[in-house]
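Chain by chain, the residues:
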Amino acid sequence: MKFNTKTIHGGQEHEKATGAVMPPIFQTSTYAQSSPGVHKGYEYSRGANPTRTALENSLAAIENGTHGFAFSSGLSAIDCVLRLLKPGDEVITGDDLYGGSYRMFTKLFEKYGLKFHFVNMDLVTNITQKINKNTKLVWLETPTNPLMKIADIQAISTAVKNNNSSILVAVDNTFATPYIQQPLDLGADIVMHSATKYIGGHSDLVMGALVVKDKKLAEALHFIQFAAGAIAGPMDSFLALRGIKTLHIRMQRHCENGKAIAEFLNNHSKVDQVYYPGLKNHPNYAIAKTQMKDFGGMVSFRLKDKSKKAAFTVLENTKIFTLAESLGGVESLANHPVTMTHASIPEKERLKNGITDSLIRLSVGIEDITDLIADLEQALSV
């Protein structure tokens, strides 16, 4: 199947008892057994639930994987991956990272004995020179949050595997979605999503997802999820599966609007710099054009007035863009990383990486583009 068909039919079958086209919401915790240990594939919903199974099969299909896993949040999905490791193991990751990921790495897992190296992933050698006998995982975000850096998944995966084939490469694919890029096809071992965002697409659930191809890796992840219990519930699974069915058409509009907003901001007198991989002046434009089908709906920009007050003035005066955390819904959102999504990163680290007071991140929705541009124009004119 082509991708647009996979979002609707991939990994799916009609419900066997009634022929229901959409999988029912199996709101149950347990399942009857005809004899001890004899059941119909389901024992207890922490291990598996038919609604969640339908979602996980769909996730695997659209990422060209073989095994999908749905979690209670994106961070719980990351937590599951890190639980594959043991004290003394080392992780190489990017220097521009979602604040929640950074917080988990530094405040939780460093305490449990893992060591993290934060590097600029523009150069593959920045990664390979950090590899040693303790390296077990390379964690990528691409595009990154919030500076929209692009990591070359294929080049990094190849270099890492050539160095040590046992090192896992995981990619946070939240910003791009499988509509835009499919990391497993580029050599990654694990794909992660905050399915709260574009996968769900309607700002009405919190969920995470992992997709893999390797059976042994899938078994290890499933055991951790079952033992730790960070599962997605049946109602949220139903909502996420419904979201996937329109992912391809939503992403088309997100991408169209994102590019138009980026170009508008790039030519605005009050804007100092725009971060969007679809602009030809983006430092990673060539990689993005090769690696990605399109450039997405996430746009960050920095004002010429460097003050926090200037950013607040813009954010407090939008009328269609809603000032809120999160992203990927049909509605447009605006965010101030310093005080919102990246507040958990120490100021020194934020400034070193370019997350400054006048930086604004936009999640461009699927509204009419003329309304969105007019809204930003009036907010920037206040």
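Look up: the structure comes first, before these words.
Residues numbered from 1 in each chain as written. Predicted model: local features only at pLDDT ≥ 70, side-chain atom pairs only at ≥ 80, totals over all residues. Heavy atoms only, no water.

Peer 1: Account for the packing of aromatic side chains, naming residues and giving values.
Peer 2: Following the criterion strictly, the structure yields 9 aromatic pairs and no others. Judged by centre distance (5.2 Å) and plane angle (45 degrees), the rings of Y102 and F118 are tilted. With a gap of 16 residues between them, Y102 in helix α4 (residues 99-109) and F118 in strand β3 (residues 115-119) connect regions that are remote in the sequence. Judged by relative accessible area, Y102 falls into the buried class, the value being 14%. The partly exposed category is assigned to F118, whose relative accessible area is 30%. Relative to F116, the ring of F105 lies with its centre 4.6 Å away and its plane at 10 degrees, an arrangement referred to as stacked. Here F116 lies in strand β3 and F105 lies in helix α4, a separation of 11 residues in the sequence. Note on accessibility: F105 and F116 belong to one class, buried. Here the aromatic cluster, defined as three or more aromatic residues joined through ring pairs, consists of Y102, F105, F116, F118 and W139. One Lys or Arg, R46, reaches over the ring of F226 and ends 4.7 Å from the middle of that ring. (Phe/Tyr/Trp six-rings, centres within 6.5 Å; stacked < 30°, edge-to-face > 60°. Helix = DSSP H or I, 4+ residues; strand = E, 2+ residues; numbered from the N terminus. Buried < 20%, exposed > 50% of the residue type's maximum accessible area, 1.4 Å probe, protein only. Lys NZ or Arg CZ within 6 Å of the ring centre and 35° of its normal.)

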